[in-house]
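Below are the chains, spelled out letter by letter.
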Number of protein chains: 2
Amino acid sequence: MHHTTTATKMILDRWDASVKNGTALLDSLSDAQLQQQVAPGKNRGIYLLSHLIAVHDDLAVLLGLGQRCYPQLRAPFLESPDNPDTPMPTIPELKAIWADQCRRLAAQFATLQPGQWFEKHTAVSNEDFAQEPHRNRLNIVLTRTTHLAYHTAQLHLLK
Amino acid sequence: MHHTTTATKMILDRWDASVKNGTALLDSLSDAQLQQQVAPGKNRGIYLLSHLIAVHDDLAVLLGLGQRCYPQLRAPFLESPDNPDTPMPTIPELKAIWADQCRRLAAQFATLQPGQWFEKHTAVSNEDFAQEPHRNRLNIVLTRTTHLAYHTAQLHLLK
């Protein structure tokens, strides 16, 4: 049980630090900066922020803790590349959604005890989970943490 | 013990996937591409690759598994920003070092049993570790995995 608690703290701490890092970066970027491409011909900041929100919107479902809140972001920002013709929320709207989402996820994460983080996530079958116990809730947060770090690095180039 | 093994696999799998992802990207980039800045005015690819090697060179020391192999990379690529005047290894040399380092780290990691990954790393005191058991070897690999993902995202812009 000791390592269960320790491993859960390690991974949730890393998620929290990555969210904090991403939020501080977003707070430091102007609306005009977020409208720019992170490098010539690459995704715009507004697309990457929307993409992160769309990916994180799946977390509650995958963890069995709630429903999607922004299903309308799925098609344009999970299933499609950046496209200037896509109607998009404004940067202030996206920043508000980001902040709400971070708060809601923190509250949802806090309802789980360490042992529950090692239970299966909702996208794996009981049969597969019996063979592959690493396909648990905590692993979902781990993979989304590296994903968040990845795109934060690109957003950082807008500074 | 069950969760000890599972958590260790989760984090080492994530490291392995990030190394594999980074290596595939490096293999796909030409020497000329790696000499470019990832975005106007930002770090060059050659600097980021050297920086990753320098950071990963600390891993064996922090994990108590060996010594540094490339201490000469520490000052220019850990302690200094990118500077075109810094003498640097060639791209083929750096790619060979990267491949050697990945192989050596994999061999060193494989010597540890899951429980040993939860032992303290070498940069934390016994007293602090007693209070903060998350400051263990596995956490070192976890933080370096998000670090690797972060810079891989920037290198990806060279494509």
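Description of the structure in this document. Note that the structure is a prediction, hence the values are computed from the model and not measured. (Residues numbered from 1 in each chain as written. Chains lettered and ligands numbered in written order. Predicted model: local features only at pLDDT ≥ 70, side-chain atom pairs only at ≥ 80, totals over all residues. Heavy atoms only, no water.)

## A few points about the packing of helix H1 (residues 2-28) of chain A against helix H9 (residues 137-156) of chain A
Residues and elements named next belong to chain A. Filter applied, for reference: For helices, the axis comes from a line fit to the C-alpha atoms of the stretch in contact; other axes are also lines fit to C-alpha atoms, and the angle between any two N-to-C directions lies between 0 and 180 degrees. Strands are runs of DSSP state E lasting at least 2 residues, helices are runs of H or I lasting at least 4, and numbering of each runs from the N terminus. Any angle that falls under 35 degrees is termed roughly parallel, while one over 145 is termed roughly antiparallel, one within 65 to 115 roughly perpendicular, and all others oblique. Two helices that cross are described as forming a left-handed crossing if the nearer one is turned anticlockwise from the farther one by less than a right angle, and a right-handed crossing if clockwise. What makes two residues a contact is simply this: any of their non-hydrogen atoms within 4.5 Å.
Where H1 contacts H9, the two axes come as close as 9 Å, and the packing angle between them is 25 degrees. Looking at the two axes, H1 sits roughly parallel to H9. In this structure, H1 crosses over H9, and the sense of that crossing is left-handed. Listed contacts from H9 to Ala7, Thr8, Ile11, Leu12, Arg14, Trp15, Ser18, Val19, Asn21, Gly22, Leu25 and Leu26 of H1 are Leu138, Val141, Leu142, Arg144, Thr145, Leu148, Thr152, Leu155 and His156.

## Topic: the interface of chain B and chain A
The condition is simple: Two parts placed together each lose some accessible area under a 1.4 Å probe, and the buried area is that loss summed for both. In the sections that follow, a salt bridge refers to a side-chain nitrogen of Lys or Arg positioned within 4 Å of a carboxyl oxygen of Asp or Glu. Identification of polar contacts relies on pairs of N or O atoms within 3.5 Å, with a donor-acceptor requirement for protein atoms, meaning one able to donate a hydrogen and the other able to accept it, and with residues adjacent in sequence counted only if both atoms are side-chain atoms. Polar here means any residue outside two lists: the nonpolar Ala, Val, Leu, Ile, Met, Phe, Trp, Tyr, Cys and Pro, and the charged Asp, Glu, Lys and Arg; Gly therefore counts as polar.
Between chain B and chain A, the residue contacts involve 33 residues of the former and 33 residues of the latter. Both faces considered, chain B and chain A share a buried interface measuring about 2900 Å² in area, 74% of it formed by carbon and sulfur atoms. Taken together, chain B and chain A are joined by 0 salt bridges. For the pair chain B and chain A, the interface holds 6 residue pairs in polar contact (both at pLDDT 80 or more). At the level of secondary structure, the elements contributing two or more residues to the side of chain B that touches chain A comprise helix H1 (2-28) and helix H9 (137-156) of chain B. No other element matches H9 of chain B, which puts 12 residues into the side of chain B that touches chain A. Of the residues belonging to the side of chain B that touches chain A, the class tally is 14 nonpolar, 14 polar and 5 charged.

## Details of the state of the cysteines
To keep it simple, the criterion reads: Cysteine sulfur atoms that pair up within 2.5 Å are treated as a disulfide.
By the definition in use, this model includes 0 disulfides over all chains. Unpaired in terms of disulfides, cysteine 102 of chain A finds its nearest cysteine sulfur in cysteine 69 of chain A, a separation of 12 Å.

## Remarks on the side chain of threonine 145 of chain B
The cut-off we apply is this: Working definition: with a 1.4 Å probe on protein chains only, accessible area under 20% of the residue-type maximum means buried, over 50% means exposed, and in between means partly exposed.
Structurally, the position occupied by threonine 145 of chain B is in helix H9. Here threonine 145 of chain B falls in the buried class, since its relative accessible area comes to 1%. Residues within four places of threonine 145 of chain B in sequence aside, it is in contact with Thr146 of chain A together with Arg14, Trp15 and Ser18 of chain B.

## Some thoughts on the relation of the copies chain B and chain A
What counts, and what does not: The copies were overlaid by least squares, fitting only the C-alpha atoms of residues that reach a pLDDT of 70 or more in each copy.
For the pair chain B and chain A, the best superposition has an RMSD of 0.0 Å and corresponds to a rotation of 180 degrees with a translation of 0.0 Å parallel to the axis. Such a combination of rotation and displacement between the chain copies is what one expects of a two-fold axis. Across chain B, the rotation axis passes nearest the C-alpha of tyrosine 150 of chain B, at a separation of 2.2 Å. Same-surface contact between copies: 100% of interface residues of chain B are shared with the interface of chain A.

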